[in-house]
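Read off the chains here:
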Amino acid sequence: MIDQGLFGAIFLTQLVARVKLAFMAEAREKIQEKIQSIRGMNDICDPEIHLWQNLEKTIRETYESFGFVEVRTPLLEPANLFQRGVGTDTDIVEKEMYTFQDRNGDWISLRPEGTASVTRALIEHQWMAEQQTVKVYYIGPMFRYERPQKGRYRQFHQYGLEIFGVENAKADAEIIAAQSLLYEKLNLSEPELRLSSVGCQNCRPAYKEILKAELGKRLQDIPEDFHPRIQTNPQRIFDLKNEKVQKFAGQLPKLLDHLCGECKTHFDSLKAHLTDLKVKYVVDPLIVRGLDYYNRTAFEFTSQHLGAQSAVGGGGRYDQLVENIGGKATPGVGYAGGFERLVLLVEQSLKVENRFDAVVVSADEQGAEAAMKLAMDLRRAGIKTESDLAGRSLKSQMKRADKLKAKYCLILGSREVQNGTVVIKDMDQHQQAEVSKNEIVEHIKKALNV
Ligand code: AMP
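Residues numbered from 1 in each chain as written. Predicted model: local features only at pLDDT ≥ 70, side-chain atom pairs only at ≥ 80, totals over all residues. Heavy atoms only, no water.

1. Remarks on the nonpolar core
Here is step 1 of the chain: With 47 residues, the main nonpolar core has Phe 164, Leu 215, Ile 237 and Phe 238 as its most contacted residues.
Here is step 2 of the chain: The set of elements that each furnish at least two residues to this core consists of α3 (79–85), α4 (91–96), α5 (115–124), β5 (134–143), β6 (155–164), α8 (204–216), α10 (243–249) and α12 (321–324).
Here is step 3 of the chain: Setting aside chain neighbours within four positions, we find Phe 238 in contact with Tyr 207, Leu 211, Ala 249, Leu 252, Pro 253, Leu 286 and Val 288.
Here is step 4 of the chain: Counting 41 residues, the second-largest nonpolar core is a separate cluster that includes Tyr 183, Leu 274, Phe 299 and Val 343. (Core = buried A, V, L, I, M, F, W, Y, C linked by side-chain atoms within 4.5 Å. Buried < 20%, exposed > 50% of the residue type's maximum accessible area, 1.4 Å probe, protein only. Helix = DSSP H or I, 4+ residues; strand = E, 2+ residues; numbered from the N terminus. Contact = heavy atoms within 4.5 Å.)

2. Some thoughts on the sheet that holds strand β4 (residues 107–110)
Here is step 1 of the chain: The strand order across the open sheet built from three strands is β2-β4-β3, with neighbouring strands paired in antiparallel fashion. Lying at the two open borders of the sheet, with one neighbouring strand each, are β2 (76–78) and β3 (99–101). Here the strands of the sheet are splayed against their neighbours by 35° on average, with no regard to which way each runs.
Here is step 2 of the chain: Looking at chain direction, β3 and β4 are connected through three bridges and run antiparallel. In the strand pairing of β4, Gln 101 is matched with Trp 107. (Pairing = 2+ DSSP bridges. Axes fitted to C-alpha atoms, helices over the stretch in contact; angles between N-to-C directions.)

3. Focus: the side chain of Asp 357
Here is step 1 of the chain: The residue Asp 357 is located in the loop between α13 (339–347) and β12 (358–362) in this model.
Here is step 2 of the chain: The class for Asp 357 is buried, based on a relative accessible area of 13%.
Here is step 3 of the chain: Asp 357 has contacts with Ile 383, Lys 384, Ala 406, Lys 407, Tyr 408 and Leu 448, leaving out every residue within four places of it along the chain.

4. Regarding the sheet that holds strand β10 (residues 311–317)
Here is step 1 of the chain: Taken together, eight strands build an open sheet; the order of strands is β1-β5-β6-β11-β10-β9-β7-β8 and the sheet is mixed. The sheet is open, and its two borders are formed by β1 (69–70) and β8 (282–283), each paired with just one other strand.
Here is step 2 of the chain: Two elements, β6 and strand β11 (residues 332–338), share seven bridges in a ladder whose sense is antiparallel. Residue pairing across strands places Ile 163 opposite Val 333, the latter belonging to β11.
Here is step 3 of the chain: Sheet strands in contact with α5 are β5 and β6, and its direction is about 45° off that of β6.
Here is step 4 of the chain: Along the sheet, helix α11 (residues 261–276) makes contact with β7 (192–197), β8, β9 (295–302) and β10, crossing β7 at roughly 160°.

5. Concerning helix α2 (residues 48–65)
Each α-helix turn comprises 3.6 residues. Residues three or four places apart therefore point the same way.
Here is step 1 of the chain: The end-to-end C-alpha distance of α2, which contains 18 residues, comes to 26 Å, matching closely the 26 Å that a straight helix rising 1.5 Å per residue would cover.
Here is step 2 of the chain: Within α2 the residues assigned to the buried category are His 50, Leu 51, Trp 52, Leu 55, Thr 58, Ile 59, Thr 62 and Tyr 63.
Here is step 3 of the chain: The secondary structure elements touched by the buried residues of α2 are β5, β6, α7 (169–185) and α13.
Here is step 4 of the chain: Directly beyond the C-terminal end of α2, a positive phi value near 90° is found at Gly 67. (Expected span 1.5 Å × (residues − 1).)

6. What about α13?
Here is step 1 of the chain: The buried fraction of α13 amounts to eight of the nine residues, a majority that puts the element mostly inside the structure.
Here is step 2 of the chain: Along α13, the residues classified as buried are Phe 339, Glu 340, Arg 341, Leu 342, Val 343, Leu 344, Leu 345 and Val 346.
Here is step 3 of the chain: Close packing links the buried residues of α13 with α2, β5, β6, α7, β10 and β11.

7. Topic: unusual backbone geometry
Here is step 1 of the chain: The step from Asp 46 to Pro 47 runs through a cis peptide bond, and the omega angle for that step is 5°.
Here is step 2 of the chain: Tracing the backbone through its elements, the reader meets Pro 47 in the loop between α1 (4–32) and α2.
Here is step 3 of the chain: Positive phi, normally seen in glycine, also occurs at Lys 278, with a value near 60°.
Here is step 4 of the chain: Among the structural elements, Lys 278 can be located in the loop between α11 and β8.
Here is step 5 of the chain: Of note in the backbone geometry, His 430 takes a positive phi value of approximately 55° without being a glycine.
Here is step 6 of the chain: Mapping His 430 onto the fold places it in the loop between β15 (421–426) and β16 (431–436).
Here is step 7 of the chain: For His 430, a relative accessible area of 64% corresponds to the exposed category.

8. What about the pattern of salt bridges?
A side chain with one charge can pair with a side chain of the opposite charge if their charged atoms come near.
Here is step 1 of the chain: Under the counting rule described, the total for this entry stands at 27 salt bridges.
Here is step 2 of the chain: Salt-bridge contacts for Asp 268 lead to Lys 264; the nearest nitrogen and oxygen are separated by 3.2 Å. Taken as a pair, Asp 268 and Lys 264 lie in helix α11 at a separation of four residues, close to a single helical turn.
Here is step 3 of the chain: Here Lys 264 falls in the partly exposed class, since its relative accessible area comes to 46%.
Here is step 4 of the chain: Of the charged contacts in the structure, one is a salt bridge between Arg 355 and Asp 428, with a shortest N-O distance of 3.1 Å. One end of the pair, Arg 355, is in the loop between α13 and β12; the other, Asp 428, is in the loop between β15 and β16, with 73 residues separating them in the sequence.
Here is step 5 of the chain: Among the charged side chains, a network of salt bridges with common partners joins Asp 91, Glu 94, Lys 95, Arg 229 and Arg 236. (Salt bridge = Lys/Arg side-chain N within 4 Å of Asp/Glu carboxyl O.)

Printed below as a string of structure tokens:
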């Protein structure tokens, strides 16, 4: 007969073994589980990355030709910067921000847009104390928890620019002109510039009352979740994508017809500057920007080629923003465009060629060592070059040179190393020659015109 103690010990050992096995199986499953990028957040890689780099270069060159200077602000900011800067009554702050507590218990947000951060930097570094006009631009990722679809992502990129310190409409015209020149340089027949004025603290309150009264008469046609906004921010009715609302939105009173004298003069002056600068626009009184901080100028560049997400970018004047964030009253005007949407627009029109100037291939081991050194000499001379790292056969190296669309293929083997020469093959002309190793860099530079 087995004694009770022994039976208990065997049972316990088996139980421990089973639990261990279960844990191991779960751990194995976890290891094998596919780890994927977060929904709405994309990798940008070859071949798309070449178009991105090209676009970035054109944006920088265009903005810098107007004297805008780049600023790079952190991706993380105190959450209250956006509450104060973007406004608590906006979709961005109400529903779309990535906000969390850090290990110290402080509330942090991933930036959903660039203007609030740039304004914080302006105040923090006292840029206005050094100069009367500040002109800055930025390019970088932004984060909004939106429902992803074509042209709308949770991590997306914006290129934007701001002018601080100028109240007159010349600054608004320059921001718009910089944008317009960028789209011209990219050969885009679109986007179309839609322009409006959202008034100021003097003319907006009276207009708001007129609009509220009008909306009060149509409550049955307005979605219930919008009803509280009728009191706080009734103009957002023009942003609603609701079918019933869109039917009557055109007949509602427009702020553009209720501007005070100063706002009207500012708007007329902006239109005159744009005409002088040969920038085409259409006046669209239904433009209401989704962010609270705008006054006077509000504008959007839109395109019909983008489907539902037709906004290429938007901007306007924000004369109260610096004060709202805690600085001295300073007028400002800016614009932000969506990088991904620009990529979608130029994809059809711009073919970016990613060609290697030279690929050095080696016929044997002695050639391989010389190839690595020659590739480095060529790169020092500014020539985009690749050489084999994996010890592939001559045939497969030649195939790769073809795939990389190399303009020249340089062949090195022990014979060439001993003779102090390199065989150079022009891949477009299909011609081959032998050149002295000492002259090869100059030879290729001349051929490439660099
Ligand atoms: P906003 O800061 O909302 O005025 O946006 C400026 C521009 O950024 C828009 O016109 C779009 O081109 C782009 N944009 C805004 N949100 C997104 C998003 N979730 N995904 C991609 N692009 C966006």
